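# Summary of structural features
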Amino acid sequence: MKRARVKDYVFLHLCILWYTATSILSKLASEYPFFSLPYLLCGAGIVFALGTYALLWQQAIKRFKPSVGYSNKSVSLIWTLLFSAWIFGERITLYNVIGTVLILVGVVLVAQDE
């Protein structure tokens, strides 16, 4: 397997960022009555996001060792945390920050292996 380049990591993380759309749409769907039009539109958006993500993810991880690709996927938790604060006004606590730092340290340690 050839060594991953910066553009490979950028593509990987754009895929991960796209995946977080499902969390945002899920949260949005929860704010509407069950089976209402906005609820169903959010559901359709989730299916679309997951379908396109699955295709993109396959292209992204073939450029990495599985351990590197999947450890980077944990960054989706960070994106979800940031989007929940930005879009929904949720509070970011000290524990959220500590968890984020631990995730980033873990990703860096695994990525150094490659």
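One can find the structure itself at the top, above this paragraph.
Presented here is a report on the structure given in the accompanying data block. (Residues numbered from 1 in each chain as written. Predicted model: local features only at pLDDT ≥ 70, side-chain atom pairs only at ≥ 80, totals over all residues. Heavy atoms only, no water.)

Following the criterion strictly, the structure yields two salt bridges and no others. With a closest N to O distance of 3.4 Å, R63 and D8 form a salt bridge. Of this pair, R63 sits in the loop between α2 (37-61) and α3 (66-72) while D8 sits in helix α1 (residues 6-29), placing them 55 residues apart in sequence. Take R63: its relative accessible area is 28%, and that puts it in the partly exposed class. When its relative accessible area of 5% is taken as the criterion, D8 is described as buried. (Salt bridge = Lys/Arg side-chain N within 4 Å of Asp/Glu carboxyl O. Helix = DSSP H or I, 4+ residues; strand = E, 2+ residues; numbered from the N terminus. Buried < 20%, exposed > 50% of the residue type's maximum accessible area, 1.4 Å probe, protein only.)

Below, the discussion takes up the environment of G43. Examined against the element boundaries, G43 turns out to sit in helix α2. Taking relative accessible area as the criterion, G43 reaches 27% and is therefore assigned partly exposed. Separated by 54 residues in the primary sequence, G43 and V97 place their C-alpha atoms 30 Å from one another.

It is worth spelling out a nonpolar patch on the surface at this point. The grouping of L82, I92, L94, Y95, V97, I98, V101, L102, V105 and L109 at the surface amounts to a nonpolar patch, some 1000 Å² of accessible area in total. Considering every element that reaches the nonpolar patch, the biggest residue donor is helix α5 (residues 94-112), with eight residues. Structurally, the position occupied by V101 is in helix α5. (Patch = residues over 30% accessible without salt bridge, like charges linked within 9 Å, V, L, I, M, F, W, Y side chains within 5 Å. Areas by Shrake-Rupley, 256 points an atom, 1.4 Å probe, with all protein chains shown as cover.)

Next up on the list: the packing of α1 against α2. It is at 9 Å that the axes of α1 and α2 come closest, and there the two elements cross at 165 degrees. On the basis of their axis angle, the class for α1 and α2 is roughly antiparallel. For the pair α1 and α2, the crossing hand works out as left-handed. The class makeup of the residues in the contact of α1 with α2 is 20 nonpolar, five polar and no charged. (Axes fitted to C-alpha atoms, helices over the stretch in contact; angles between N-to-C directions. Parallel < 35°, antiparallel > 145°, perpendicular 65-115°, else oblique. Left-handed = near helix turned anticlockwise from the far one by under 90°. Nonpolar A, V, L, I, M, F, W, Y, C, P; charged D, E, K, R; others polar.)

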